[in-house]
Amino acid sequence: MGLERLNSLYREVILDHSDHPHHKHALPDATHKITLKNPTCGDVINLDIDLDDHDKIKDIGFTGDGCTISQSSASMMTDAVMGKSKEQALHMAKTFSDMVMGKKHPQADLDELQDAAILSNVMTFPARIKCATLSWWALQRALLKQPDGSVDSDDSDKGE
Amino acid sequence: MDSTLNKVMNDFPILNQKVNDERLVYLDNAATAQRPNQVIKALTHFYQTDNANVHRGVHTLAERATADYEAARRKVQKFINAPEPEEVIFTKGCTDGLNLVASTYGEANISAGDEIVISIMEHHSNLIPWQQLANRKGATLKYIHLTADGELDLDEAAQLITDKTKIVAVAHASNVMGTVNPIKQLAKLAHQHGAIFVGDGAQAVPHMAVDVQDLDVDFYAFSGHKMMGPTGIGILYGKRQLLEAMPPYQYGGEMIGFVHEQDSTWAELPYKFEAGTQNIAGAVGLGAAVDYLTGIGMDAVHEHEQQLVNYLLPKMEAIDGVQVYGPQDPAKHTGVIAFNLENLHPHDVATALDMEGVAVRAGHHCAQPLMTYLGLTATARASFYLYNTQADADRLLVAIQETKEFFNHGSRKTK
Ligand SMILES: Cc1ncc(COP(=O)(O)O)c(C=O)c1O
């Protein structure tokens, strides 16, 4: 078969995001911060989210090391959720994790994900699904985190 | 290179399949090896004809199962040249054996201020048990680091191992660096200071002749599944006088001498350390794997892998942008080859190689302190065994080239 099938995973958009990730920087004063590890490979993502008084994502940034899929997914995620409300962002995280597991979603939900929707192909590479979902998980967990650091049980550990 | 071993491939039905439309090239043997028909048949035969619990019945099947189980122990004893079968304890695997030593010998003999010396290239199984023991006891855990060529720094070892040292625990062969460590020398050093030496043989026993008496190790642990036996079975070798003095690991059936209401006595070796119903079929399968390896000869296995490494390593190193870790001299490198491609994450590399039917591992290989020490988060790793051929090595080389090209240019621009 050779590497042709790789084209369906490593689309140009994905490679562009991983070569030149968007919002790849720390936000020292962010209201929400989290560090997550991909246990299988040790890749780490630090996600900083700054919510305004109306729970809207005013700014978002990430740092850390990872493979092409995890880096581009994080970049596309930050593009997609910038300016969204906390509720919207959580909904998008749910759409994304359903999408890569092969569950159907209304087209409008998928459109909302913008570039990130292209990662639906990762579902045919089961070993890589975690790479794609890591940043979305981080988003979900950071947003559900209470000021005391505990995380709402509300399916926040999904997929772990 | 046309090793006579090339035909052993036919003994491994699992290798005769296509993955992603290509003939499977299985290069993840350091994680687990494949099983030959001989082992699969031994398991089936045991379950079809002899299965019973051991040492517990007077009926015929119990006799047969017990004979099979004890025969397997003696096969392993001979294979590693242990003085007595009672010094060969069946465990769940290498991890289990190392934990056994840490929580029995370690618990009884380590106190505050003592030192335990391990190496920075240890697998987590030969690291965390000592780390946690040291933490529990207020002892100090010290690390032997590496030379530039990925070998243990023996000068540092000589300084670290002192009269304060109570335990030295080091891998016989690394599961990342492809290094064979001079454990005979380290055991001698440990003994000179009154310490004991624990060898992690997980990556050595499957690939080379091991003689525990010649090495003069006090304990030596390994897993069945990396030497073509079943999962869930392993071996801990220990010197009799140490095993005799140690408290049991687990309590329950089979490991007792006599049980009173308030006290108990323990069974003789090795049963003192084999509490509860054991993995009897696993032991039988391991015995069959030992027979299989003995039939081929460990020197032949070692020679075959060495030829593959001699062939492959210079060719890998010659590929622009490929970084190979561990000794650069093929003669010092086992069939475990960790590598990275420039500007590419090993996960992406492993997915690409899988598309070519080449199975390798990517990750930290359960050796995070080593990764941190080397300044890496992860590597890809190809690991060879006796059924791998030069054709497999060539497939890896081609797949690496194509992966490099795919990510560097070409295909990605066509989309
Ligand atoms: C060097 C080394 N030690 C210990 C182990 C642990 O073996 P197991 O997981 O079979 O207990 C491994 C297996 O990966 C290993 O490579």
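Residues numbered from 1 in each chain as written. Chains lettered and ligands numbered in written order. Predicted model: local features only at pLDDT ≥ 70, side-chain atom pairs only at ≥ 80, totals over all residues. Heavy atoms only, no water.

Engineer: Describe the site of the ligand, with residues and values.
Structural biologist: Residue and element names in this part refer to chain B. By nearness alone, every residue bordering the ligand is listed as Cys94, Thr95, His123, Ser125, Asn175, Asp200, Ala202, Gln203, Ser223, His225 and Lys226. The separation between an oxygen atom of the ligand and a polar side-chain atom of threonine 95 is 2.5 Å. For the ligand, an oxygen atom lies 2.6 Å from a polar atom in the side chain of histidine 225. Protein chains bury 84% of the 390 Å² of accessible surface belonging to the ligand in isolation. Broken down by class, the residue content of the shell around the ligand amounts to two nonpolar, seven polar and two charged. (Near = heavy atom within 4 Å. Polar contact = N/O pair within 3.5 Å; in protein donor to acceptor, adjacent residues only side chain to side chain. Areas by Shrake-Rupley, 256 points an atom, 1.4 Å probe, with all protein chains shown as cover. Nonpolar A, V, L, I, M, F, W, Y, C, P; charged D, E, K, R; others polar.)

Engineer: Kindly report on helix H9 (residues 280-296) of chain B, identifying the contributing residues and their values.
Structural biologist: Taking 1.5 Å per residue as the helical rise, H9 of chain B with its 17 residues ought to reach 24 Å, and the 25 Å between its terminal C-alpha atoms agrees with that figure. For H9 of chain B, the buried fraction is high: 13 of the 17 residues fall into the buried class. (Helix = DSSP H or I, 4+ residues; strand = E, 2+ residues; numbered from the N terminus. Expected span 1.5 Å × (residues − 1). Buried < 20%, exposed > 50% of the residue type's maximum accessible area, 1.4 Å probe, protein only.)

Engineer: Any chance you could break down the packing of helix H3 (residues 94-109) of chain B against helix H4 (residues 128-137) of chain B for me, citing the residues and the numbers?
Structural biologist: Residues and elements named next belong to chain B. The interhelical angle for the contact between H3 and H4, taken along N-to-C directions, is 20 degrees, at an axis separation of 9 Å. With respect to H4, the element H3 is oriented roughly parallel. In this structure, H3 meets H4 at a crossing whose hand is right-handed. Facing Leu98, Asn99, Val101, Ala102, Gly106 and Glu107 of H3, the residues of H4 in contact are Pro129, Trp130, Leu133, Arg136 and Lys137. A class-by-class count of the residues in the contact of H3 with H4 yields six nonpolar, two polar and three charged. (Axes fitted to C-alpha atoms, helices over the stretch in contact; angles between N-to-C directions. Parallel < 35°, antiparallel > 145°, perpendicular 65-115°, else oblique. Left-handed = near helix turned anticlockwise from the far one by under 90°. Contact = heavy atoms within 4.5 Å.)

Engineer: Please set out the confidence of the model for chain A residue by residue, giving values where relevant.
Structural biologist: Residues and elements named next belong to chain A. On average, residues of chain A carry a pLDDT of 87, and 90% of them reach 70 or more. Per-element confidence in chain A ranges from a low mean pLDDT of 86 for helix H1 (residues 6-9) to a high of 96 for helix H3 (residues 68-81). In this model, residues 152-160 is a region of pLDDT below 50 whose contacts with residues beyond four sequence positions or in other chains number 16 contacts. (pLDDT = per-residue confidence, 0-100.)

Engineer: Go over the UniProt feature "domain: Aminotransferase class V" (unreviewed entry) in chain B, please, and point to the residues and values.
Structural biologist: Within this numbering scheme, the UniProt entry marks residues 25-396 of chain B as carrying the feature "domain: Aminotransferase class V" (unreviewed entry). Structurally, residues 25-396 of chain B is divided into 40% helix and 17% strand, and its ends, taken at the C-alpha atoms, are 8 Å apart. (UniProt positions renumbered as here; feature names shortened; annotations may be inferred.)

Engineer: Would you mind going over the sheet that holds strand E13 (residues 322-324) of chain B in detail, with residue names and values included?
Structural biologist: Residue and element names in this part refer to chain B. Spatially, four strands are ordered E13-E14-E17-E16 in an open sheet, and the strand pairing comes out antiparallel. Strands at the two margins of the open sheet, each flanked by one partner only, are E13 and strand E16 (361-363). Averaged over all adjacent pairs, the angle separating strand axes in this sheet is 30 degrees, with direction ignored. Judged from the three bridges that link them, E13 and strand E14 (residues 336-341) form a sheet pairing that is antiparallel. Bridge pairing in E14 links valine 322 to leucine 341. Sheet strands touched by helix H11 (residues 346-355): E14, E16 and strand E17 (379-383). Its angle to E14, the strand with the most contacts, is close to 110 degrees. (Pairing = 2+ DSSP bridges.)

Engineer: Could you give an account of the packing of aromatic side chains, naming the residues involved and the relevant values?
Structural biologist: Throughout the structure, instances matching the rule amount to twelve aromatic pairs over all chains. Considering the side-chain rings of tyrosine 10 of chain A and phenylalanine 406 of chain B, the 6.2 Å spacing of their centres and the 70 degrees angle between planes classify their relative orientation as edge-to-face. Taken together, the positions of tyrosine 10 of chain A in the loop between H1 and helix H2 (12-19) and phenylalanine 406 of chain B in helix H13 (residues 390-408) put the pair across two chains. Side by side, tyrosine 10 of chain A and phenylalanine 406 of chain B carry an identical accessibility label, which is buried. The interplanar angle of 85 degrees and the centroid separation of 5.8 Å between the aromatic rings of phenylalanine 12 of chain B and tyrosine 292 of chain B together place this pair among those described as edge-to-face. One end of the pair, phenylalanine 12 of chain B, is in the segment before strand E1 (18-19); the other, tyrosine 292 of chain B, is in helix H9, and 280 residues separate them in sequence. According to the relative accessible area criterion, phenylalanine 12 of chain B is buried, its value standing at 1%. Under the relative-accessibility criterion, tyrosine 292 of chain B is labelled buried at 8%. Of the aromatic side chains, those joined through ring pairs into one cluster are Phe12, Tyr292, Tyr385 and Tyr387 of chain B. In this arrangement the basic side chain of arginine 5 of chain A is found over the ring face of phenylalanine 125 of chain A, its NZ or CZ atom lying 4.5 Å from the centre. (Phe/Tyr/Trp six-rings, centres within 6.5 Å; stacked < 30°, edge-to-face > 60°. Lys NZ or Arg CZ within 6 Å of the ring centre and 35° of its normal.)

Engineer: Could you give an account of the interface of chain A and chain B, naming the residues involved and the relevant values?
Structural biologist: In this complex, chain A contributes 25 residues to the contact, which on the side of chain B involves 22 residues. Both faces considered, chain A and chain B share a buried interface measuring about 2100 Å² in area, 55% of it formed by carbon and sulfur atoms. Counting across the chain A and chain B interface gives one salt bridge. When the shortest N-O distance is used, the salt bridge between arginine 128 of chain A and aspartate 348 of chain B registers 2.8 Å. It is H2 of chain A that contributes the most residues to the side of chain A that touches chain B, four residues altogether. (Buried area = accessible area lost by both parts, 1.4 Å probe. Salt bridge = Lys/Arg side-chain N within 4 Å of Asp/Glu carboxyl O.)

Engineer: Would you mind going over the environment of methionine 255 of chain B in detail, with residue names and values included?
Structural biologist: All names here are of chain B. One can find methionine 255 in the loop between helix H8 (240-245) and strand E11 (256-259). Residue class for methionine 255 comes out buried when judged on its relative accessible area of 0%. Sequence spacing of methionine 255 and lysine 41 is 214 residues, and the spatial spacing of their C-alpha atoms is 30 Å. If we skip the residues at most four places from it in the chain, methionine 255 touches Pro248, Gln250, Trp266, Ala267, Tyr271, Lys272, Glu274 and Ala275.

Engineer: Explain the UniProt feature "domain: NIF system FeS cluster assembly NifU N-terminal" (unreviewed entry) in chain A to me, and be specific about the residues and the numbers.
Structural biologist: Sequence positions flagged by UniProt for "domain: NIF system FeS cluster assembly NifU N-terminal" (unreviewed entry) are, in local numbering, residues 10-131 of chain A. As a span, residues 10-131 of chain A carries 38% helix and 19% strand, and end to end its C-alpha atoms are 13 Å apart.

Engineer: Tell me about the domain arrangement of chain B, and please be specific about residues and values.
Structural biologist: Residue and element names in this part refer to chain B. As far as domains go, chain B holds domain 1 (4-31 + 298-412) and domain 2 (40-295). Each of domain 1 and domain 2 was reduced to a C-alpha centroid, and the two centroids are 29 Å apart. With 35 residues of domain 1 at the interface, the matching set in domain 2 holds 32 residues. Regarding the contact of domain 1 and domain 2, the summed buried area is about 2700 Å², with carbon and sulfur atoms giving 61% of it. Between glutamate 151 and lysine 332 there is a salt bridge, and its shortest N-O distance comes to 3.2 Å. Inspection of the region where domain 1 meets domain 2 yields 16 residue pairs in polar contact (both at pLDDT 80 or more). Broken down by secondary-structure element, the contributors of at least two residues to the side of domain 1 that touches domain 2 are helix H10 (298-318), E14 and helix H12 (368-374). Here the side of domain 1 that touches domain 2 gets six residues from one element, more than from any other, and that element is H12. Residues of the side of domain 1 that touches domain 2, tallied by class, amount to 22 nonpolar, eight polar and five charged. (Domains from an automatic or database assignment.)

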